Amino acid sequence: MSSMSSVAGLSKYIKTLPKAKFSIMGMLIISFIIGSTYYLIDLNSMGILENIIAGGLFGLIVFGISSIMSGALNQQTISVVHGINLKIKHSMFLSALSMTILGIIIIITGVISQILQVNLFLNSMLFGCVLIYGFNTLVFWATSKVRFMTAAVTGLIQPLLILAMYTLITFLFVDTSFLGPIILQITIKAIIAAIIFVMAIYAFIKVIASPFKKNLGIGVLDLLSLFIAHMNEGSNSLEGLFENMSEAIDTIVTFVSFKTENGIKALFISPSVHPGPLGDLGGSNMPTILANKFDHFTMVAHGPSTHDFNPIAVSEIDKIEKSVKEGLEKVEYAPNASKFVRYTSQKAKIGVQLFNEGMVILSTFAPDAVDDIEFGVGLTMMTQSRSHCNVKDSIIVDCHNSFTPESGEILPGNSEVFQIIEVIDTIDPNQEKHEVKVGCYEDKMETLDKHEGVGDSGIKTMIIEVDNQRTAYVLFDSNNMEMGFRQEIIDAVSDLEIDEIEVMTTDTHTVNTLSRGYNPVGISKRPEIIEYVRISIKEAIKDLEKVEVGTGTEKIKNLNTFGPKNSTELISTISSVVAVSKIIAPVLLITALLIAFIWIFFGGL
């Protein structure tokens, strides 16, 4: 699996947390169960019902009430120090999870106590509190953009409340004369064990942070916390971090414009800019944002580009708009186009249509799966096709319509590049041209959403009729397409009044915020999606009218992107850190826990 696949796979850890009230109810119920279970295991002189009630009330007060209080206090503390991300629902869920971990430790130790006939309750409480202290500290430090010492102090709130509540209950209901001599011992044990564990966490974070600082000049915790802020709140603060590692590039945008006597009817744009990295960051929603900047029907297809060409901020899309509008002022129109013709060489397949002084090349390797076409390869395709077909503009479109998680990019030197070159050489440059009609239709597919891989623009369809041949250009606002779904769509519309069809995706990365990482269209609800395609084709046919057509190619200057070096560096750094962490984290943290365990249970004081 590629580095990009490994990084994208991390999004499986992105989860939607329950509302605070559900976490609170969970803490009340779970704490009652923890207390009841421990009392039943303890086998004291009370009956079963009394054990359940007394133990439940003990657990409710010591674990439940104190954890609910800590949930509220944690959130307020982080807020006061201007930390981010920790909403009340997050804080309550963290307290509930920590309390559950502590309860499991106490119950397991209770069973061991009965087997060994040794009272280990207090030691298990201390060990559990040390564990959740380290866990809370790690969460606060890694996600809330606060200093380590702030996180370490805030992490103390829950374990201290639990221990304080336990001490209060003990002094109220139990003979505590025996506690005096050992309180100091317990305190020292807890402090030393907590220091051991939290220092292991500190060392672990520093180890994984070093490559980010050295290679990219950014803090890994800043990256993580701002990423979470984007996922939780839609914050674009992460773009500010990207600016520190951005690289200005020059690239191009190509387009086909169709107009009637009333002005432009439709615009088909293929920018060599990548719609990433994910969510609403940078250019992730570029296909929708750019299309909405024009007053007429606009399709923004996926041009040859990889993650190297991700804009670092939404504002960079304005530069693409400016280039297109400057190009539209230069376009010369004529009412002629050729029929749509397909060409194949090994796995490479292209659909070609000439428009006035330009041409469109729709490139796909379906049913084989590939990912993005690199910009240099795209430039080669443009140069070769312009020369071979004697045209002014060549609009290259990466159809991006066949996907597996192992799909690789098409980079210089790959065998697919030579297949593309070979297939372009087979294009007939002397195709007859005729009058052209165009019909358009768009549907936001509101019954579907990102869970089905559908972005904000839904589906856009353009029917191009030349010499009685109708070709459907169908564009999903999606990030690629499940392997085989393209052919299923083509087969499903064969009875409609069209002669050719190509199915494309925009490669929008707004749909890449779900638990499966990659999220191609066609994983689910295929019949419903196909029905949208059928309707869009029928409606676009109704909209057919004569047009004149022109093409254009414009340079986009000083577009701030991740850049070839930084994009590769970021992905490889994240991938390597994840790989190393899988080894370092268990060794370091388990060793620290083992030392803390031995110190608490067997340490002499």
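Residues numbered from 1 in each chain as written. Predicted model: local features only at pLDDT ≥ 70, side-chain atom pairs only at ≥ 80, totals over all residues. Heavy atoms only, no water.

**Focus on the environment of F476**
Checked against the element boundaries, F476 lands in strand β10 (residues 469-476). Its relative accessible area of 0% is what places F476 among the buried residues. Each C-alpha atom of the pair F476 and D456 lies 9.9 Å from the other, and the pair is 20 residues apart in sequence. When residues no more than four places from it in sequence are discounted, the contact partners of F476 are M445, G458, I459, M481, I489, V503, M504, T505, T506, I529 and V533. (Helix = DSSP H or I, 4+ residues; strand = E, 2+ residues; numbered from the N terminus. Buried < 20%, exposed > 50% of the residue type's maximum accessible area, 1.4 Å probe, protein only. Contact = heavy atoms within 4.5 Å.)

**Observations regarding the pattern of salt bridges**
Opposite charge on two side chains lets them pair, provided their charged atoms get close. Under the criterion given, the structure shown has 21 salt bridges. As a salt-bridge pair, R342 and E500 come within 3.0 Å of each other at their nearest N and O atoms. Highlighted residues: R342 in strand β4 (residues 341-345) and E500 in strand β11 (residues 500-505), separated in sequence by 158 residues. The class for R342 is partly exposed, based on a relative accessible area of 35%. Looking at E500, the relative accessible area reads 22%, which means it is partly exposed. (Salt bridge = Lys/Arg side-chain N within 4 Å of Asp/Glu carboxyl O.)

**Quick look at helix α12 (residues 317-328)**
Relative to the 16 Å expected for twelve residues at 1.5 Å per residue, α12 spans 17 Å between its end C-alpha atoms, a close match to the ideal helical length. Looking only at α12, the buried set comprises I317, I320, E321, S323, V324, G327 and L328. For α12, the buried positions fall inside an angular range of 165° around the axis, keeping them on one side. (Expected span 1.5 Å × (residues − 1). Arc of directions from axis to C-beta.)

**A word on the sheet that holds strand β7 (residues 393-398)**
Remark on secondary structure: sheet strands pair via backbone hydrogen bonds, oriented parallel or antiparallel. The mixed open sheet is built from four strands, whose spatial order is β4-β5-β6-β7. Two strands lie at the open edges of the sheet, namely β4 and β7, each paired on one side alone. Going from strand to strand, the sheet's axes swing by 25° on average, the running direction of each strand aside. Bridging between strand β6 (residues 358-364) and β7 involves six bridges; their strand directions are parallel. Paired with V360 across the bridge in β7 is I395. (Pairing = 2+ DSSP bridges. Axes fitted to C-alpha atoms, helices over the stretch in contact; angles between N-to-C directions.)

**Topic: the packing of aromatic side chains**
A complete count under the given rule lists 17 aromatic pairs for this structure. For the pair F58 and F63, a centre-to-centre distance of 6.3 Å together with 90° between the ring planes defines the contact as edge-to-face. We note that F58, like F63, is buried. Ring centres of F340 and Y473 lie 6.2 Å apart, and the angle between their planes is 75°; on these two criteria the pair is classed as edge-to-face. (Phe/Tyr/Trp six-rings, centres within 6.5 Å; stacked < 30°, edge-to-face > 60°.)

**Section: the packing of helix α15 (residues 485-492) against helix α16 (residues 526-542)**
The interhelical angle for the contact between α15 and α16, taken along N-to-C directions, is 50°, at an axis separation of 10 Å. Relative to α16, α15 is oriented oblique. The element α15 and its partner α16 pack so that their crossing is right-handed. Between α15 and α16, the contacting residues are F485, E488, I489 and A492 on the first element and R526, I529, I530, V533 and R534 on the second. Taken together, the residues of the contact of α15 with α16 break down into six nonpolar, no polar and three charged. (Parallel < 35°, antiparallel > 145°, perpendicular 65-115°, else oblique. Left-handed = near helix turned anticlockwise from the far one by under 90°. Nonpolar A, V, L, I, M, F, W, Y, C, P; charged D, E, K, R; others polar.)

**Details of a nonpolar patch on the surface**
A cluster of nonpolar side chains, contributed by F22, M25, L28, I29, I30, I33, I61, I65, M69 and L73, occupies part of the molecular surface with about 820 Å² of accessible area. Broken down by secondary-structure element, the contributors of at least two residues to the nonpolar patch are α2 (20-42) and α3 (48-80). Sort the elements by how many residues they give to the nonpolar patch and α2 lands first, with six residues. Tracing the backbone through its elements, the reader meets F22 in helix α2. (Patch = residues over 30% accessible without salt bridge, like charges linked within 9 Å, V, L, I, M, F, W, Y side chains within 5 Å. Areas by Shrake-Rupley, 256 points an atom, 1.4 Å probe, with all protein chains shown as cover.)

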